Amino acid sequence: MNFDSFLEKVREHHSLQLPFVIYRHPGEKLVKGQLQPNNIIEYINDFQEKGFVFAPFNSQKRAIVFSFASAEAISVEQESFQVNLKKREYKEEQQEQDRYEKLINKTIDTIKASGLEKVVISRKKEIELETEPFLYFKRLLELYPEAMVYCWYHPLVGMWIGATPETLVKTEGRRLKTMALAGTQVFNNTKEVSWKEKEKEEQAIVTRAIVDGLSQIAEVSNLQVGEPHTVRAGNVLHLKTNVSATYETSGLKKIIKKLHPTPAVCGLPYEMAYDYILTKENYDRSYYTGYLGELNFQHTKNRNPRRRNVENSAYQSVSKQTNLYVNLRCMQVFDNRLEVYVGGGITKDSQPKSEWEETQRKAETMQQVL
Ligand SMILES: C=C(O[C@H]1C=CC=C(C(=O)O)[C@@H]1O)C(=O)O
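Reading guide: rules and limits
- Residues numbered from 1 in each chain as written.
- Predicted model: local features only at pLDDT ≥ 70, side-chain atom pairs only at ≥ 80, totals over all residues.
- Heavy atoms only, no water.
- Helix = DSSP H or I, 4+ residues; strand = E, 2+ residues; numbered from the N terminus.
- Rg over C-alpha atoms; globule rule 2.2 N^0.38 Å.
- Contact = heavy atoms within 4.5 Å.
- Areas by Shrake-Rupley, 256 points an atom, 1.4 Å probe, with all protein chains shown as cover.
- Lys, Arg positive; Asp, Glu negative; His and termini not counted.
- Charge placed at Lys NZ, Arg CZ, Asp CG, Glu CD.
- Polar contact = N/O pair within 3.5 Å; in protein donor to acceptor, adjacent residues only side chain to side chain.
- Near = heavy atom within 4 Å.
- Nonpolar A, V, L, I, M, F, W, Y, C, P; charged D, E, K, R; others polar.
- Phe/Tyr/Trp six-rings, centres within 6.5 Å; stacked < 30°, edge-to-face > 60°.
- Lys NZ or Arg CZ within 6 Å of the ring centre and 35° of its normal.
- Buried < 20%, exposed > 50% of the residue type's maximum accessible area, 1.4 Å probe, protein only.
- Pairing = 2+ DSSP bridges.
- Axes fitted to C-alpha atoms, helices over the stretch in contact; angles between N-to-C directions.
- Expected span 1.5 Å × (residues − 1).

Draft legend 1. Quick look at the overall build of the chain. The helix and strand tally for the chain stands at seven helices and 18 strands. On C-alpha atoms alone, the chain measures out to a radius of gyration of 20 Å, which is about the 21 Å that the 2.2 N^0.38 rule sets for 370 residues. With respect to the three principal axes, the spread of C-alpha positions in the chain is 65 × 50 × 40 Å. By sequence separation, contacts in the chain at least 24 residues apart represent 75% of the contacts at least 6 residues apart. Taken as a whole, the chain presents about 17500 Å² of accessible surface, with 45% of it coming from carbon and sulfur. For the chain, the centre of its 51 positive side-chain charges and the centre of its 48 negative side-chain charges are spaced 3 Å apart.

In structure tokens, the structure reads:
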């Protein structure tokens, strides 16, 4: 199967209004797909399920799973192709900018007057749909090799497309990895940049919260925390700290529940920030800032890749992997429009106008492929 016939197969599946997900992990070339044969919605119960998870921001709402056992698995190597970038502005009404800046101002006042330290505020930007969504997916693969690129569809939920830079949790065997990602500045052809105190603090808050959270879980040990460093995500840069640990596989549910939502998409203290978002943001985030990815995926590796026709399973090792990502830099696709979701962390030192600009820069991740 080549890449175009892979997409053709998915397109046909979509035209029958059947659920599917196609995706590629960061830094990889293999594009995978799971095609579900019916439109039943299955939900996650205890995180022992094996399948592709799609979870909303609201942790009271249930996460959907496409079970690996019932879906048809397909895969193909990504093929390069030329993306002609058209730098287009998708202007928004002044009214929307005023509304957002007012909300940011109100949030800063609340932070100054209460125990709220940081809260992530977001919004959605509506854009007219001009071409078919599979082309967006193809362009995202090409433009963002370091992102988890996906296109997810269920007829009862809709279609979501994204290219996220943020891992929620990755596990293999008894090793666990996560990250604290926060702070944003525009990428100007170099990663050698300096960060203001405001961004450094905003990111350090996320690292502390992740480390504190994980250290409260009995099944987690051996926590290791790296140094903050600059990473690129499309046309913006972020500060990132890698966190790793050893864990007991029985603790996976607790770990996911503890990590989602991270202060990179919610805030601190957690309860106050979560409450503030649900009551003051004034719209439904839906699956934006939720999480998605493989849960308990059986990964088979040939121990000796030069040996062909290996029949003896001793030459293969099987490991269970979980690869979940935070649903950022994403959009929902409707018949004739798109809704691009964007947000940013607000602290007492935030500037409403820069926060508006930041959402514009982040929206460009999706706009570049339209
Ligand atoms: C909430 C978003 O980004 C988060 C991840 C990285 C940097 C962020 C920031 O600088 O505010 C956000 O915490 C988004 O892209 O919509």
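We are not done yet, so read on.
Draft legend 2. Region of interest: the environment of Q321. Turning to its location among the elements, Q321 is positioned in strand β16 (residues 316-326). Along the chain, Q321 and T171 lie 150 residues apart, while their C-alpha atoms are 5.4 Å from each other. With sequence-adjacent residues up to four places away left out, Q321 is seen in contact with T171, E172, E294, L295, N296, F297 and H299. Looking at Q321, its side chain comes within polar contact range of the side chain of E172, at 3.4 Å.

Draft legend 3. Broad picture of the site of the ligand. Near the ligand there are 17 residues, and of these T184, A264, Y288, R329 and G345 occur at the shortest range. A distance of 2.7 Å separates an oxygen atom of the ligand from a polar atom in the side chain of R329. Contact distances for the ligand include 3.4 Å between an oxygen atom and a side-chain N or O atom of K362. When the ligand is considered free in solution it has 390 Å² of accessible area, and contact with the protein chains removes 100% of it. Counting residues per element, the ones that place at least two in the shell around the ligand are β10 (175-186), β18 (337-346) and α7 (352-367). A class-by-class count of the residues in the shell around the ligand yields seven nonpolar, six polar and four charged.

Draft legend 4. Spatial organisation of the packing of aromatic side chains. Here the structure, examined in full by the defined rule, presents 18 aromatic pairs. Here the aromatic cluster, defined as three or more aromatic residues joined through ring pairs, consists of F54, F66, Y150, W152, W160, Y283, Y287, Y288 and Y341. When the ring centre of Y100 is taken as reference, the NZ or CZ atom of R123 above it lies at 5.4 Å. Here the basic side chain of R285 rests over the ring of F57, its NZ or CZ set 4.4 Å away from the ring centre.

Draft legend 5. Structural context of helix α3 (residues 133-143). Within α3, eight of the eleven residues are buried, which leaves it mostly tucked inside the rest of the structure. Within α3 the residues assigned to the buried category are P133, F134, Y136, F137, K138, R139, L140 and L141.

Draft legend 6. The side chain of S319, seen in detail. Take S319: it is sitting in strand β16. The class of S319 is buried, set by a relative accessible area of 17%. In this structure the side chain of S319 is engaged in a polar contact, spanning 3.2 Å, whose partner is the side chain of E172. Among all residues touching S319, those that are not within four sequence positions of it are E172, F297, Q298 and H299.

Draft legend 7. Region of interest: the sheet that holds β18. Spatial strand order, β5-β2-β1-β7-β8-β17-β18-β6-β14: nine strands in an open sheet with antiparallel pairing. Of all the strands in the sheet, just β5 (72-77) and β14 (267-268) have a single pairing partner and so form its edges. Of the strand pairs in this sheet, strand β1 (residues 20-24) and strand β2 (residues 30-35) are connected by four bridges, and their pairing is antiparallel. Residue pairing in the sheet places F20 in a bridge with L35 of β2. Of the strands in this sheet, β1, β2, β7 (148-154), β8 (158-164), β17 (330-333) and β18 touch α3, which is tilted by about 15° from β8.

Draft legend 8. Seen up close, helix α4 (residues 197-215). For α4, spanning 19 residues, the distance from its first C-alpha to its last is 26 Å, which sits close to the expected 27 Å at 1.5 Å a residue. Residues of α4 that are buried include every one of K198, E199, E202, Q203, I205, V206, T207, I210, G213 and L214, and no others.

Draft legend 9. Spotlight on the side chain of E199. Positionally, E199 belongs in helix α4. Excluding anything up to four places from it in sequence, E199 contacts G183, T184 and L239.

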